[in-house]
Amino acid sequence: MRTLAKNLATYVGREVTVKGWVNSRRDHGGLIFIDVRDHTGIVQLVIQPEQVDAFAQAEGLRDEFVVSASGLVRERAEELRNKNIDSGDIEISVQQIVILNRSNALPISLNEEQFTNEESRLRYRYLDLRRQKMQLMLSRRAKYYKYMRDYMEAQEFTEVTTPILANSSPEGARDFLVPSRVHQDKFYALPQAPQQFKQLLMVGGIARYYQIATCFRDEDPRADRLYGDFYQLDLEMSFVEDGEEVRAAMEPLIKNLVTDFAGKKLVTENIPRIPYTEAIERYGSDKPDLRFGMELIDLSNALENTEFGVFKNAISAGGAVKAICVTGAATLSRSQIDHFTTIAKSEGAGGLAYITLEDNEIKSPIAKFLSESERTEILDKTGLKEGDAVFFGADSRQIVNKVLGRLRNEFADHFNLKDPNQVALAWIVDFPFYERDTATKKIDFGHNPFSMPKGGLAAFDEPLDDAKKLAIIADQYDMVMNGYEICSGAVRNHNPEVMYKAFSVLGYDTKYVDEKFGAMIGAFKYGAPPHAGCAFGIDRIFMVLSNEENIREIVAFPKNGSGVDVMMNSPSTVDPSQLKELGFK
RNA sequence: GGGCUCGUGGUGUAGAGGCCUAACAUGCCUCCCUGUCACGGAGGAGAUCGCCGGUUCGAAUCCGGUCGGGCCCGCCA
């Protein structure tokens, strides 16, 4: 990648001036070598003692000094070439060196192998960015943006920027609030997404909108989730009543990003559509990693008459017994099994029952509780083979899916089933419109109140009991990439009548809807076209395509896990006069 | 809000009751060195082991608290 010296090859025999940082200095007493680094690469300077002034300057150089060096570009003699590095064939015989700036010894290591802790790297991010990996990341990221823009423009999407100073939205994440000076006691909020604006653009007759949008959310971060601000490729299409149109419009971009841009392989060319409930039942997750199988197998029927108490109790309580078959897991040690048991318990399981097949014989602490027919049935359903192990979950269906879904992931990590060169994409579709809050037991919007319920107004036909409410499907879809949610979208509810109905089911009257979503619901009364869209989390996609597991690695200036920018020291206190101006005491 | 985990010279690590007056690598400083390329050689400086308290004859090491980082749960329409 570093090609400065290669570029200089065409200048052999000519005088040049190079400017950059001292990458390393090798002082042989009577002869000094300096590697100079700029954004394109490295070149070796040779300073002979005959060049008295330059030599004196070179003796005083230290790592990361900024220099300008002039001299003759020459090919190295055959025995002096270094075949191991790009810059090994030429060098500059220096006549003059000017120190443009000096540098203290660096507080972090720029050596790619000796990794400094993240806290220091973030504190000195301006130095960390000098590392080749970070340089490459930033230039790749710029190309990534261009790649997306080129595609969207070719598909005749119109880029529209929407306000950063917007309104607090009652649903969803915590807002960042901005006090208004002109209108005291009132606040702007930074948008969690341009959701309402883009829907208003549809009403405004923008047929296809897109934007690389900054989104702001005041929620605790994760390794794959930035604190504060992040970016979405946000888009919306009018006169679309079927989400399939949106999915079809965007699939080529994502597939090309995987193959052409990132040089990875798609696990399947055809991207599966998996209904939400099916994803939960088969993979124990609404964002399954499909690079490997290990599906959850329902044994509730096969074991309905079992004598094994744990299974029996789960089934009779209306729960489920499910299992995953893990190839090669019979060799797991006792302590490894304990490790996975701890994980299972952390997800709510009481324990982790398992059986293994070794020497064509089922071995297990629970084997004695299983009848011959039950063993046969388990073998048959799970496909347990010599050397494998089957792990069971027995509890409420929800907990069983959660536990086994987590274990499926952990086992895949343990057995190295996640090929970094492969990308598995899937659309998860048909999310529940309403869900019951596990804590309050109350029914609330599952994901997004702006989605169209499948069936429209007919979805709310009386009689409408809780079971029927919970069965309503939202025309909503997520895209999943290697176990990460990378996109969320929906056919929107553009019909005021359906909108009021969707809220009234939860006990909210029209006044509430008008107050909270006035602009949007008002706009829908003036001929809103049906529309649908989605938003891709482009930081996360770039992270996956870059083989990174920490999203901060692919952002120039990220906040740390506490929402602090340790380099700029934000958030910070402000001048009392600023507060006074805003009406604070 | 909760759980787990980490905190030792500038950086990365070792040390897990007495071997520690804290080791190694790298970086830094001084000197030597004309073909190195992460140059080499000799010497040197640099750490009250995050902080506070406790247990103990004795604590970097054990315990409690606290602060800070990381991962996870909650949360993320």
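Computed from a predicted model, the values in this text were never measured in an experiment.

On to the overall build of chain A. A count of helical and extended segments in chain A gives 18 helices and 24 strands. Once the C-alpha set of chain A is aligned to its principal axes, its extents read approximately 95 × 75 × 50 Å. The burial tally for chain A puts 46% of its 585 residues in the buried class. If you take every contact in chain A between residues at least 6 apart in sequence, the share linking residues at least 24 apart comes to 69%. Counting only carbon and sulfur atoms, one obtains 49% of the accessible surface of chain A, whose full area is about 28900 Å². Looking at charge distribution, chain A has the averaged site of its 70 positive side-chain charges lying 3 Å from that of its 86 negative ones.

Residues in contact with RNA strand B amount to 51 residues; listed here are only the nearest, E91, N117, E219, H447 and N448. In RNA strand B, the atoms that sit within 4 Å of the protein are 51% sugar and phosphate, with bases accounting for the remainder. Between RNA strand B and L80 there is a distance of 2.9 Å, counted from a base nitrogen to a backbone nitrogen or oxygen. Between RNA strand B and the protein, one listed contact pairs a sugar or linking oxygen with a side-chain N or O atom of E119 at 3.5 Å. Looking at the surface near RNA strand B, the element that brings in the most residues is strand β1 (residues 15–27), giving three residues. The residue inventory of the surface near RNA strand B, partitioned by class, reads twelve nonpolar, 20 polar and 19 charged.

Here we take up the packing of helix α5 (residues 132–154) against helix α7 (residues 243–261). Put simply, α5 and α7 touch, their axes get as near as 11 Å, and they point 150° apart. Taken together, the axes of α5 and α7 lie roughly antiparallel to each other. The way α5 lies across α7 gives a crossing that is right-handed. Between α5, through R140, K143, Y144, Y147, M148, Y151 and M152, and α7, the contact on the second element is made entirely by A249, M250, P252, L253, N256, L257, D260 and F261. The class makeup of the residues in the contact of α5 with α7 is eleven nonpolar, one polar and three charged.

With 99% of its residues at a pLDDT of 70 or more, chain A has an overall mean of 92. Reported confidence for the predicted complex is 0.92 by ipTM and 0.94 by pTM.

What holds strands together in a sheet is hydrogen bonding between their backbones, with the strands either parallel or antiparallel. Taken together, the five strands give a closed barrel; going around it, the order is β1-β2-β3-β5-β4, and neighbouring strands pair in mixed fashion. Taken pair by pair, the neighbouring strands of this sheet meet at an average axis angle of 55°, ignoring direction. Taken together, the seven bridges between β1 and strand β4 (residues 66–75) define a ladder with antiparallel strand orientation. Along β4, the bridge assignment pairs G20 with V67.

Attention shifts here to the pairing of strand β14 (residues 320–326). When you tally the buried positions in β14, you get seven out of seven residues, the bulk of the element. Residues of β14 alternate between two faces, with A320, K322, I324 and V326 on one and V321, A323 and C325 on the opposite face, all of them buried. The sheet contact formed by strand β13 (residues 297–298) and β14 spans two bridges and is antiparallel. Bridging across to β14, D298 finds its partner in K322. Direction of pairing for β14 relative to strand β17 (residues 389–395): antiparallel, over a ladder of seven bridges. Considered in β17, the bridge of A323 is made with F392.

What follows deals with unusual backbone geometry. Across the junction of E462 and P463, the peptide omega takes the value -5°, indicating a cis bond. By the secondary structure assignment, P463 is in the loop between β21 (443–445) and α13 (466–471). With an omega of 5°, the peptide bond running from S570 to P571 counts as cis. Mapped onto the fold, P571 is located in the loop between α17 (538–545) and α18 (576–581). In the Ramachandran plot, D185 falls in the positive-phi region, its phi being about 75° despite a non-glycine side chain. With respect to the secondary-structure elements, D185 resides in the loop between β7 (176–179) and β8 (187–190).

The next point concerns the packing of aromatic side chains. Each aromatic ring pair is specified by the distance between its two centres and by the angle formed by the two planes. Across all of its chains, the model carries 24 aromatic pairs by this definition. Residues F308 and F311 carry aromatic rings whose centres are separated by 4.8 Å and whose planes lie at 80° to one another, so their mutual orientation is edge-to-face. Both rings, one in F308 and one in F369, keep their centres 5.0 Å apart while their planes meet at 20°; by these two values the pair is stacked. With F308 in the loop between β13 and α9 (309–316) and F369 in the loop between β16 (361–363) and α11 (372–382), this residue pair connects regions lying 61 residues apart in the sequence. Classification of F369 by relative accessible area gives partly exposed; the value is 35%. Grouped by ring-pair contacts, the aromatic residues F433, Y434, F445, F450, F460, F503, Y508, Y512 and F517 constitute a single cluster. Here R140 stacks its cationic end above the ring of F261, 4.0 Å away from the centre of that ring. The positively charged end of R247 is found above the aromatic ring belonging to Y477, 5.0 Å away from the centroid.

Moving on, we get to the sheet that holds β17. Taken in spatial order, the five strands of this open sheet run β13-β14-β17-β15-β16, and their pairing is antiparallel. Of all strands in the sheet, those with a lone pairing partner are β13 and β16, marking the two edges. Of the pairings in the sheet, the one linking strand β15 (residues 353–358) to β17 comprises four bridges and is antiparallel in character. Looking at β17, one finds that T356 is bridged to A389.

Criteria and cut-off values
- Residues numbered from 1 in each chain as written.
- Chains lettered and ligands numbered in written order.
- Predicted model: local features only at pLDDT ≥ 70, side-chain atom pairs only at ≥ 80, totals over all residues.
- Heavy atoms only, no water.
- Helix = DSSP H or I, 4+ residues; strand = E, 2+ residues; numbered from the N terminus.
- Buried < 20%, exposed > 50% of the residue type's maximum accessible area, 1.4 Å probe, protein only.
- Contact = heavy atoms within 4.5 Å.
- Areas by Shrake-Rupley, 256 points an atom, 1.4 Å probe, with all protein chains shown as cover.
- Lys, Arg positive; Asp, Glu negative; His and termini not counted.
- Charge placed at Lys NZ, Arg CZ, Asp CG, Glu CD.
- Near = heavy atom within 4 Å.
- Polar contact = N/O pair within 3.5 Å; in protein donor to acceptor, adjacent residues only side chain to side chain.
- Nonpolar A, V, L, I, M, F, W, Y, C, P; charged D, E, K, R; others polar.
- Axes fitted to C-alpha atoms, helices over the stretch in contact; angles between N-to-C directions.
- Parallel < 35°, antiparallel > 145°, perpendicular 65-115°, else oblique.
- Left-handed = near helix turned anticlockwise from the far one by under 90°.
- pLDDT = per-residue confidence, 0-100.
- Pairing = 2+ DSSP bridges.
- Phe/Tyr/Trp six-rings, centres within 6.5 Å; stacked < 30°, edge-to-face > 60°.
- Lys NZ or Arg CZ within 6 Å of the ring centre and 35° of its normal.

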